[in-house]
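Close look at the chain arrangement
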Amino acid sequence: QVQLVESGGGSVQAGGSLRLSCAASGRTFSRYGMGWFRQAPGKEREFVACISWSGGNTYYADSVKGRFTISRDNAKNTVYLQMNSLKFEDTAVYYCAAEFLDTATPNPGQYDYWGQGTQVTVSS
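Residues numbered from 1 in each chain as written. Predicted model: local features only at pLDDT ≥ 70, side-chain atom pairs only at ≥ 80, totals over all residues. Heavy atoms only, no water.

So, about the pairing of strand S1 (residues 4-7). It is a general feature of regular strands that their side chains alternate between the two faces of the sheet. Residues Leu-4 and Glu-6 point to one face of S1 and are all buried, whereas Val-5 and Ser-7, pointing to the other face, are not buried. Where S1 and strand S3 (residues 18-24) come together, four bridges link them in antiparallel fashion. Bridging across to S3, Leu-4 finds its partner in Ala-24. (Buried < 20%, exposed > 50% of the residue type's maximum accessible area, 1.4 Å probe, protein only. Helix = DSSP H or I, 4+ residues; strand = E, 2+ residues; numbered from the N terminus. Pairing = 2+ DSSP bridges.)

Read from one edge to the other, the open sheet built from four strands follows the order S1-S3-S8-S7, with strand pairing classed as antiparallel. Pairing within the sheet leaves two strands with one partner each, and these edge strands are S1 and strand S7 (68-73). Strand-to-strand, the axes of this sheet are offset by a mean angle of 15°, without reference to chain direction. In this sheet, strand S8 (residues 78-83) lies alongside S7 in antiparallel orientation, the contact comprising six bridges. (Axes fitted to C-alpha atoms, helices over the stretch in contact; angles between N-to-C directions.)

A few words now on unusual backbone geometry. In the Ramachandran plot, Asn-77 falls in the positive-phi region, its phi being about 55° despite a non-glycine side chain. Mapping Asn-77 onto the fold places it in the loop between S7 and S8. Although it is not a glycine, Asp-102 adopts a positive phi angle of roughly 55°. The residue Asp-102 is located in the loop between strand S9 (92-99) and strand S10 (113-114) in this model.

Grouped together as the largest cluster of nonpolar side chains are 35 residues, with contacts concentrated most on Met-34, Trp-36, Leu-81, Met-83 and Tyr-94. Of all elements in the fold, only S3, strand S4 (33-39), strand S5 (46-51), S7, S8, S9 and strand S11 (118-123) reach the threshold of two or more residues within this core. Excluding its chain neighbours within four sequence positions, the residues that come into contact with Met-34 are Leu-4, Cys-22, Phe-29, Ala-49, Cys-50, Ile-51, Ile-70, Arg-72, Val-79, Ala-97, Ala-98 and Tyr-111. (Core = buried A, V, L, I, M, F, W, Y, C linked by side-chain atoms within 4.5 Å. Contact = heavy atoms within 4.5 Å.)

On to the pairing of S7, then. Every second residue of S7 is oriented toward a common face, the buried set being Phe-68, Ile-70 and Arg-72 and the non-buried set Thr-69, Ser-71 and Asp-73. In sequence, S7 turns back onto S8 through a hairpin of four residues, with Asn-77 there showing a positive phi of about 55°.

The next thing to look at is the environment of Thr-69. Along the polypeptide, Thr-69 turns up in strand S7. Residues Thr-69 and Tyr-59, 10 residues apart in the sequence, show an inter-C-alpha distance of 9.4 Å.

Simply put, the disulfide is a covalent bond whose two ends are the sulfur atoms of two cysteines. Going through the model one piece at a time under the given rule, you end up with one disulfide. The partner cysteine of Cys-22 in its disulfide is Cys-96, sulfur to sulfur 1.9 Å. With the S-S dihedral at roughly 45°, the linkage between Cys-22 and Cys-96 falls on the right-handed side. Placement of Cys-22 in strand S3 and of Cys-96 in strand S9 is noted, with a sequence separation of 74 residues between them. The buried category is assigned to Cys-96, whose relative accessible area is 0%. This cysteine, Cys-50, is not joined by any disulfide, and Cys-96 carries the nearest cysteine sulfur, 13 Å off. (Disulfide = S-S within 2.5 Å.)

What follows is the structure in structure tokens.
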């Protein structure tokens, strides 16, 4: 069992930055691939970024590539999402998720555990 708690969301002006954190419980955190997803009002949940258990492989949605960076610290059981050059369209609830098979997939259906989400609001 893995429990995930996101933090770091908030309100920021366009062009600003935020750093999201996702703290995980469970001793096997380092064995899971981790992902960040987001869901804006009236839209489906969409992939943002993911990272393999080792941190050696990362993947990003085209919409955030070059602006967002995913990283993890297995010693702290935490995964991060550094978000720079934020745009109005980045406004959403951001969720972290854990995938036992560690396939670094953008498919939300393959993730086994989800956090409750943290709100990010970008004003133009």
